[in-house]
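Residue-level structural notes
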Amino acid sequence: DHPNIIPIYRIGDGGKLFWYAMKFLEGKSLEDLLKERGAMSLDESIEILEQVADALDYAHEHKVIHRDIKPANVMLDNRNRVIVTDFGIAKALSEGKLTATDSVIGTPYFMSPEQGMGKTVSGASDQYSVAVMAYRMLAGHVPFDGESAIDILHKHCMFPAPVLGEEMPDLPPHVSTAVARALSKDGSERFLSVHDLIQA
């Protein structure tokens with residue numbers, strides 16, 4: 001229960017289909033905004049990402065990892081309040097393996113290296129996805145693109161992310177440094193929380 005997390009009212013199943021009913025939001029997704037505008041200012045990006053950080057750190061404190069953070073799952077209501085939605089593939093840290101085969105689940109453009117390799121995820125994985133989202137908001141495109149999901153995941157796992165400051169020379173250096181740290185391949189090299197990333 002958090003002001004920046006979508007309320008879920010009911011969960012049920014009808015035979016083979018499991019479903020959940022969420023609050024209906026008036027507004028638009030961050031994805032829609034980015035499609036309209038291409039990129040955002042640093043101040044506006046931070047204002048949105050601070051609220052995303054509040055939501056995710058709260059979830060992480062309650063031992064829940066979102067695993068599918070991307071602009072399409074960040075809504076801005078008609079008062080510009082940010083709501084993180086779609087915990088459909090979220091995972092409780094107390095759970096064992098999600099599937100016997102450790103299936104890779106998520107959205108390739110925003111997935112952490114550990115998620116892409118089917119390894120154990122922590123809050124650091126969501127933080128990586130937030131850093132990809134920050135990159136997309138500021139630069140107007142994601143750090144890694146490719147011909148297929150496998151190609152994109154391979155880049156997330158094996159190649160260093162492009163340096164935001166090299167692409168945007170006018171960006172304050174500390175912003176580029178913070179995003180680069182959160183995009184570290186090793187989760188232990190990232191910030192201790194999503195809030196710490198946004199503060200940096």
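The subject of this paragraph is unusual backbone geometry. You will see that Lys 63, though not glycine, has its phi angle at about 65 degrees, which is positive. On the secondary structure map, Lys 63 appears in the loop between α2 (42–61) and β4 (64–65). By relative accessible area, which is 49% here, Lys 63 ends up partly exposed. Positive phi values are uncommon outside glycine, yet Arg 67 reaches one of about 75 degrees. With respect to the helices and strands, the residue Arg 67 is situated in the loop between β4 and β5 (74–77).

Along the chain, Gly 140 falls in the loop between α4 (123–139) and α5 (149–158). Discounting residues that sit within four places of it in the chain, Gly 140 has contacts with Gly 38, Ala 39 and Tyr 135.

This paragraph deals with helix α1 (residues 30–37). Because each turn of an α-helix spans 3.6 residues, side chains separated by three or four positions in sequence point in the same direction. Among the residues of α1, those classed as buried are Leu 30, Leu 33 and Leu 34. Buried positions in α1, seen along its axis, are confined to an arc of 95 degrees and lie on one side of it. Set apart from the buried face of α1 by more than 90 degrees, the exposed residues are Lys 35 and Glu 36. In the core, the buried residues of α1 are packed alongside β3 (27–29), α2, β5 and α4. Directly after α1, the chain includes Gly 38, whose backbone phi takes a positive value near 85 degrees.

A separate point is the nonpolar core. If you look at the biggest cluster of nonpolar residues, it comprises 42 residues, and the most contacted ones within it are Leu 30, Ile 48, Val 52, Val 130, Met 133, Met 137 and Leu 197. Mapped by element, the contributors of at least two residues to this core are α1, α2, β5, β6 (82–84), α4, α7 (173–182) and α8 (194–199). Here this core takes ten residues from α4, the largest share from any one element. With residues up to four places along the chain from it excluded, the contact list for Leu 197 reads Gln 127, Val 130, Ala 131, Ala 178, Val 179, Ala 182 and Phe 191.

Cut-offs applied
- Residues numbered from 1 in each chain as written.
- Predicted model: local features only at pLDDT ≥ 70, side-chain atom pairs only at ≥ 80, totals over all residues.
- Heavy atoms only, no water.
- Helix = DSSP H or I, 4+ residues; strand = E, 2+ residues; numbered from the N terminus.
- Buried < 20%, exposed > 50% of the residue type's maximum accessible area, 1.4 Å probe, protein only.
- Contact = heavy atoms within 4.5 Å.
- Arc of directions from axis to C-beta.
- Core = buried A, V, L, I, M, F, W, Y, C linked by side-chain atoms within 4.5 Å.

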